[in-house]
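Structural description and commentary
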Amino acid sequence: MIFVRDNNFILNTKNTSYAFGTTKEGMLEHLHYGSRVSVDDETAADALRAMHEKISHGKGTAVTYEPGSVTATEDMLLEVSSLGKGDYREPFAIIEYADGSRTTDFIFDSYEVYEGPVSAKTLPTAVSDGEEKSGCLRVTLKDRHKPVYLDMYYTVFENCDVIGRRSTVRNEGEEPVKLLKLMSTQVDIDDCGLTFTTFGGNWAREMHRHDTVVTHGTLVNNTFAGVSSNRNNPFVMLTYPDTCESSGEGYGFNLIYSGNHYESAGVGSFYKTRFLSGIDPTYFSVILNKGENFEAPEAVMTFSAKGYRGISLNMQHFVRRHIVRGEYKYKHRPILLNSWEAAYFNINESRLLSLARKAAEAGIELFVMDDGWFGERNDDTCSLGDWYVNKKKLPGGIEGLAAKIHELGLDFGIWVEPEMICENSDLFRAHPEYAMKIPGRDHSDCRNQMVLDLTNPEVVEYVKNAMRSVFSCKGVNYVKWDMNRLLSDVFSGVLSPERQGETAHRYVLGLYNILKTLTEEFPHILFEGCASGGDRFDLGILCYMPQIWGSDDTDAMERTKIQTGYSYGYPMSTVTAHVSACPNHQTLRNTPLDTRFNVAAFGVFGYEINLCECTSEDFKAIKQQVATYKEWRDVFFFGDFYRVGEKQWMAVSPDKKRAVAMVWNEMCNPNDFYGKLRTVGLEDSFDYHVFNIQLKHNIKEFGDLVNQVAPFHIRKDSFLHNTIARFYKMDGEVEDYVVSGSLLNNAGIKLTQAFGGTGYNGETRLFQDFASRLYFIEAVDK
């Protein structure tokens, strides 16, 4: 797994190799990251010599490393880059010394190999799952002229084809140093013209994919909003020009961190690409006195020669096994009903219990009380920070409501937003210093709330105690932890002026302190992260909470884009998704109820809808949806997720014996009848039963076309039209086959003809705007 020869290192996973070695000057030269290479004791000398770059002369006007040297660092593939030694590409680290200089010259000092991962002291890192073989290499570099050290940790997760990398700077000298930038990983590639793929957007349109070919200069994906942000998610890809979904070489990168992050892909003057990932330097500086160190978060990276699909599967498996932890790591998540879109702030015990009764009747397993239960919280202008129950709304308090919810056979969940404070709150009136603001300046506003200063230990303890009082209420099974505001006026009331550059990072450390304490004290509670939807969807939060609300946008069509975006770097078992009402509250779009279910079922599934106001027909359909999900949730939750073309998803069980595929439509294309179901991930040698659930179509979907077959005229939307629609449904198509896995994977099933205005019967697929179908696939004995 970790091969060492003469201060050269090769890290092997199942299918990849990552190699670097020491130059004669002592620098670390990056040699290879890609498909696995075979090197053993007999061939090591020639293999390493073959991979090292040969340098015999200087290169034009490029600065050489030192007098008499021909090494131009600007054209080298390096593990670590810095300022002042001739490399004019973006640096890995920037350190300012006591004399004001910023030249850093890190050279090899020592190394050590460990069994299993080595955890950071201040930040969450990937963990062993107790099954997969893993190991860790620490390489220590020292500044040639200063007593400053750089420890780099490489952790190998063999079966997942993932390597973790993080860095720590230590000051062992008498004089303080100022750390202005420290990345977590650097990968130099001896090629250019790669595609840098990022995922971003804004509130309600998270994780839209963006591809940019980088041939010169530097492209940056970053945020300094204080959270990992919906603007630019920390997961990115770097792929070669011929890479597609199923083939081609590429890299996936992510960061185990919930604050400001930075990813860049740059091409230098010698046509080589440099990738960097770590903490964004905009709001960052750290003073290190003698004996102090700073740990950067762990970055994770994967390489695949099997296209985007290979990158995604590697990351899905890695996150499930080495990021998510705790009781719910491999445990089914309950189907929930959340009160938010059904009631918003207008809640009381009677209304909540009415919703819960309908949830229980539908077979739902968890009822969640969202915002509006505490303080004087009747809208978003007040009370954040006042975590005591509004007894007018809940006379029996949290425990009284929870007991009644439990009597219905449901688990009980609650919403909180612990990191925030409203100016109109008892907490702010008592402790205005708890809010993050710059003295003497007006603060920026968002949603009538401010951010609590989690760099202040007193505030951290307040949040812990306030949440303990809520979570310790008998009957609380689930917590939705929200965070609806970005950091703007970044300032700490407890740090000195010269240390204000540590504020954004210390906020994250304060948050992790709170989350670690509370998740350990309440291990049986299912925690779900949320930040106005996907504003803090990252591996750092997933170390404490096994699922995150993917977006406040519950529109099914928009969710196909959002959930597709997440699928490149995260397993769907971490992405929560709900069925909501139509017209949708974010887009006012109307989509079929079955499409809303089909899309949400591929995530951690639930409802956010007023079941008390559903028609009897819709409520009956919801009961059937819940039953269907329970029957197939093993596949949805534990299965490998595949993107198949632009408008098809699949989930395939680990043993490949069960699968679910979804095909959807956006806008109808006239005179387009053909449809095909093609699979990936099934076992070629198995035989499979493939079938759909037959739909019953409302005749009103056909408008006045019904008069082409009716024996008498029916006026559209008349009493007669509505009466017929109530009692008579038109049969949808039936797909039912037993075929081999090889046929499904390689040829596919040609589906029944779609409706195109030329006729309709039970063998016609009514596939109008925003329609979709689920196809269920089960292996059968031969």
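Our subject is the structure listed above.
This structure is a prediction, so every number in the text was calculated from the model and none was measured. Within each chain, residues carry numbers counting from 1 in the order of the written sequence. Per-residue local features of the predicted model are confined to residues with pLDDT of at least 70, and side-chain atom pairs are confined, for both listing and counting, to 80 or more; whole-chain, interface and lining totals are unaffected and use all residues. Side-chain descriptors were evaluated using all non-hydrogen atoms of the structure, hydrogens and water having been removed beforehand.

1. As for the nonpolar core
Basically, it comes down to this: The nonpolar core is taken to be a set of buried Ala, Val, Leu, Ile, Met, Phe, Trp, Tyr and Cys residues, with the residues joined through side-chain atoms within 4.5 Å. Three exposure classes are used, based on accessible area relative to the maximum for each residue type with a 1.4 Å probe and protein chains only: buried under 20%, partly exposed in between, and exposed over 50%. Secondary structure follows DSSP: runs of H or I at least 4 residues long count as helices, runs of E at least 2 residues long count as strands, and numbering of each begins at the N terminus.
Counting 186 residues, the largest nonpolar core has Trp373, Trp387, Phe471, Trp481 and Tyr607 as the members making the most contacts within it. Among the elements that line this core, the one with the most residues is helix H8 (residues 503-521), at 8 residues. If you look at the next biggest cluster of nonpolar residues, it comprises 21 residues, including Leu677, Tyr688, Phe767 and Tyr775.

2. Focus: the sheet that holds strand S33 (residues 658-664)
Just so we agree on the cut-off: A strand pair is defined by DSSP finding two or more bridges across the two strands. Axis lines are fitted through C-alpha atoms, for helices just across the contact stretch, and the angle between N-to-C directions can take any value from 0 to 180 degrees. Any pair of residues with heavy atoms lying within 4.5 Å of one another is described as a contacting pair.
Here 6 strands make up an open sheet; going across it, the order is S31-S32-S33-S40-S35-S38 and the pairing antiparallel. Among the strands making up the open sheet, the edge pair consists of strand S31 (640-643) and strand S38 (736-740). Between one strand axis and the next, the sheet turns through 20° on average, direction left out of account. Here strand S35 (residues 687-692) pairs with strand S40 (residues 772-780) via 6 bridges, running antiparallel. Residue pairing for S40: Phe691 is matched across the bridge by Phe776. Running at roughly 95° to S33, helix H12 (residues 616-638) makes contact with S31, strand S32 (648-652), S33, S35 and S40 of the sheet.

3. Brief notes about the pattern of salt bridges
For clarity, the cut-off: Only one rule defines a salt bridge in this text: a Lys or Arg side-chain nitrogen within 4 Å of an Asp or Glu carboxyl oxygen.
In the structure shown here, the tally under the stated rule is 42 salt bridges. Residue Asp426 is joined to Arg429 by a salt bridge in which the shortest nitrogen-to-oxygen separation is 2.9 Å. Of this pair, Asp426 and Arg429 both sit in helix H6 (residues 426-430), separated by 3 residues, roughly a single helical turn. Relative accessible area serves as the criterion here: at 36%, Asp426 is assigned to the partly exposed category.

4. Here's the deal with the packing of helix H10 (residues 556-567) against helix H11 (residues 593-600)
Cut-off, in case you're wondering: Orientation categories follow fixed angle ranges, with anything under 35 degrees roughly parallel, anything over 145 roughly antiparallel, 65 to 115 roughly perpendicular, and all other angles oblique. A crossing counts as left-handed when the near helix is turned anticlockwise from the far one by less than a right angle, and as right-handed when that turn is clockwise. Nonpolar residues are Ala, Val, Leu, Ile, Met, Phe, Trp, Tyr, Cys and Pro. Charged residues are Asp, Glu, Lys and Arg, and all others, Gly as well, are polar.
Close contact between H10 and H11 brings their axes to 9 Å; oriented N to C, the two are set at 15°. Taken together, the axes of H10 and H11 are roughly parallel relative to one another. In the packing of H10 onto H11, the handedness of the crossing is left-handed. Listed contacts from H11 to Ala556, Met557, Arg559, Thr560 and Gln563 of H10 are Thr595, Arg596 and Val599. A class-by-class count of the residues in the contact of H10 with H11 yields 3 nonpolar, 3 polar and 2 charged.

5. Examining the packing of helix H4 (residues 349-362) against helix H5 (residues 397-407)
Contact geometry for H4 and H5: axes closest at 10 Å, N-to-C directions at 20°. For the element pair H4 / H5, the angle class is roughly parallel. In this structure, H4 crosses over H5, and the sense of that crossing is right-handed. Residues Glu349, Leu352, Leu353 and Ala356 of H4 lie in contact with H5, whose contacting residues are Leu401, Lys404 and Ile405.

6. Quick word on the layout of surface pockets
The gaps left among the atoms become clear once a water-sized probe is rolled over them. To keep things clear, this is the line we draw: Grid points spaced at 1 Å over the protein atoms alone were grouped into cavities, where a 1.4 Å probe fits but cannot get out, and pockets, open sets with protein on both sides within 12 Å along at least five of seven lines, with lining residues defined by an atom within 4 Å of a point. Grid points are joined across faces, edges and corners, and a volume is the space filled by probe spheres set on the points.
Estimates place the volume of the largest pocket at around 1,400 Å³. Taken together, 37 residues make up the lining of the largest pocket; nearest its centre are Asp594, Glu617, Ala621, Leu695 and Lys696. Looking at the lining of the largest pocket, its residues break down into 12 nonpolar, 14 polar and 11 charged. If you add up the space inside the second largest pocket, you get close to 710 Å³. Contributions of two or more residues to the lining of the second largest pocket are made by strand S20 (299-304) and helix H2 (307-323). By residue number, the principal contributor to the lining of the second largest pocket is H2, which donates 7 residues. In the lining of the second largest pocket, the residues fall into 7 nonpolar, 9 polar and 7 charged.

7. As for the sheet that holds strand S2 (residues 8-12)
Pairing within the open sheet is antiparallel, and its 4 strands lie in the order S1-S2-S3-S4. Of all strands in the sheet, those with a lone pairing partner are strand S1 (2-5) and strand S4 (28-35), marking the two edges. The average angle at which neighbouring strand axes cross in this sheet is 10°, direction not considered. Note: S1 against S2, 4 bridges, orientation antiparallel. Within S2, the residue paired with Phe3 across the bridge is Ile10.

8. A few points about the pairing of S35
As paired strands, S35 and S38 are joined by 5 bridges and run antiparallel to one another. Bridge pairing in S38 links Tyr688 to Val739.

9. Structural notes on empty space enclosed by the protein
Inspection of the entire model under this criterion finds 6 cavities of 30 Å³ or more. Put simply, the largest cavity is a space of about 160 Å³. Forming the walls of the largest cavity are 14 residues, and the residues nearest its centre are Met27, Leu78, Val80, Ser81 and Ser82. Here the lining of the largest cavity is composed, by residue class, of 7 nonpolar, 4 polar and 3 charged. In this structure, the second largest cavity occupies an estimated 50 Å³ of space. Around the second largest cavity sit Met436, His443, Ser444, Met450, Val451, Arg485, Ser488 and Asp489, which together line it. Here the lining of the second largest cavity is built from residues that sort into 3 nonpolar, 3 polar and 2 charged.

10. As for unusual backbone geometry
Residue Pro583 is reached from Cys582 by a cis peptide bond, and omega for that bond is 0°. As for its position among the elements, Pro583 is in the loop between strand S29 (575-580) and H11. The backbone phi angle of Ala204 is positive, close to 70°, even though this residue is not glycine. Relative to the assigned elements, Ala204 resides in the loop between strand S11 (194-200) and strand S12 (208-214). For Ala204, a relative accessible area of 10% puts it in the buried group. A positive phi angle, near 85°, is found at Ser229, a position not held by glycine. Looking at the secondary structure, you find Ser229 in the loop between strand S13 (217-223) and strand S14 (236-239).

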